[in-house]
Amino acid sequence: DLAFFKALGGGVVRKKSFLLALLNPFSTMYKAYRNIDAKTKADATLTGEGLIMGGLFVVNKHRVVFQHKEKDFGTVAPIEMVLDAVDEAVKK
């Protein structure tokens, strides 16, 4: 039901235009695609919704400690910030 993606988007599923990303030479999509190993590319399927922007929540039972929203295809949260947020979430 896409509840996680709606939570990231404030109630709306955030989608990126594939055509705009494809036409943008500065898009991180190209770099992300180059970094995927050959086996993963070979095993990939075209099923599913590939234009939904993802993200990450680190939560504890009281609140959202850290939130990262994909700004472009393949952008990931800085691992140091995620680990710090996990430490903080566990302590409280």
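Keep in mind that what you see is a predicted model, and the values were worked out from it rather than measured.

Analysis parameters
- Starting from 1, residues in each chain are numbered consecutively following that chain's sequence as written.
- Given that the model is predicted, a residue must reach a pLDDT of at least 70 before its local features are reported, and side-chain atom pairs must reach 80 or more before they are shown or counted; all residues, however, enter totals for whole chains, interfaces and linings.
- The basis for the side-chain values is all heavy atoms of the structure; hydrogens and waters are excluded.
- Under the pairing criterion, centres of Phe, Tyr and Trp rings, with the six-membered ring standing for Trp, must be within 6.5 Å; the plane angle then separates stacked pairs below 30 degrees from edge-to-face pairs above 60, leaving the rest tilted.
- Secondary structure follows DSSP: runs of H or I at least 4 residues long count as helices, runs of E at least 2 residues long count as strands, and numbering of each begins at the N terminus.
- For two strands to pair, DSSP has to find at least two bridges joining them.
- In this description, contact between two residues means that some pair of their heavy atoms is separated by no more than 4.5 Å.
- Polar contact is the term for a pair of N or O atoms within 3.5 Å; when the atoms are in protein, one must be able to donate a hydrogen and the other to accept it, and sequence-neighboring residues count only if both atoms are side-chain atoms.
- In this analysis, the expected span of each helix is defined as 1.5 Å times one less than the number of residues it contains.
- For every residue, the accessible area (1.4 Å probe, protein chains only) is compared with the maximum for its type, and the residue is labelled buried under 20%, exposed over 50%, or partly exposed between those bounds.
- The reported arc concerns the directions from the helix axis to the C-beta atoms and nothing else.

Draft legend 1. Structural context of the packing of aromatic side chains. Within the structure shown, the criterion is met by 1 aromatic pair. Their ring planes at 85° and their centres at 5.6 Å tell us that Phe-4 and Phe-57 sit as a pair that is edge-to-face. Of this pair, Phe-4 sits in helix H1 (residues 3-8) while Phe-57 sits in strand S1 (residues 55-59), and the two are 53 residues apart along the sequence.

Draft legend 2. Inspection of the pairing of strand S2 (residues 64-69) at higher detail. Taken together, the 5 bridges between S1 and S2 define a ladder with antiparallel strand orientation. Counted as the bridge partner of Val-59 is Val-64 from S2. Hairpin connection from S1 to S2: 4 residues lie between these consecutive antiparallel strands.

Draft legend 3. Local environment of the environment of Lys-69. Residue placement: Lys-69 occurs in strand S2. When the C-alpha positions of Lys-69 and Arg-14 are compared, they lie 9.6 Å apart, and in sequence the two are 55 residues distant. Here Lys-69 is in contact with Leu-8, Arg-14, Gly-54 and Gly-55, once residues within four sequence places are set aside.

Draft legend 4. Geometry of the environment of Ala-89. Counting through the fold element by element, Ala-89 comes out in helix H5 (residues 79-91). A C-alpha to C-alpha distance of 6.2 Å links Ala-89 and Val-65, two positions 24 residues apart in sequence. Non-local contacts of Ala-89, meaning those with residues more than four positions away in its chain, are made with Val-58, Val-59, Asn-60 and Val-65.

Draft legend 5. Here's a closer look at the side chain of Asn-60. If you trace the backbone, Asn-60 turns up in the loop between S1 and S2. Among the polar contacts listed, one links the side chain of Asn-60 to the backbone nitrogen of His-62, at a separation of 2.8 Å. At 2.9 Å, the side chain of Asn-60 and the backbone nitrogen of Arg-63 are in polar contact.

Draft legend 6. Molecular detail of H5. End to end, H5 covers 18 Å across 13 residues, agreeing with the expected 18 Å (1.5 Å per residue, within 8%). Within H5 the residues assigned to the buried category are Val-82, Ala-85 and Ala-89. End-on, the buried residues of H5 take up no more than an arc of 65°, which puts them together on one face. Pointing more than 90 degrees away from the buried face of H5 are the exposed residues Glu-80, Asp-84, Val-90 and Lys-91.

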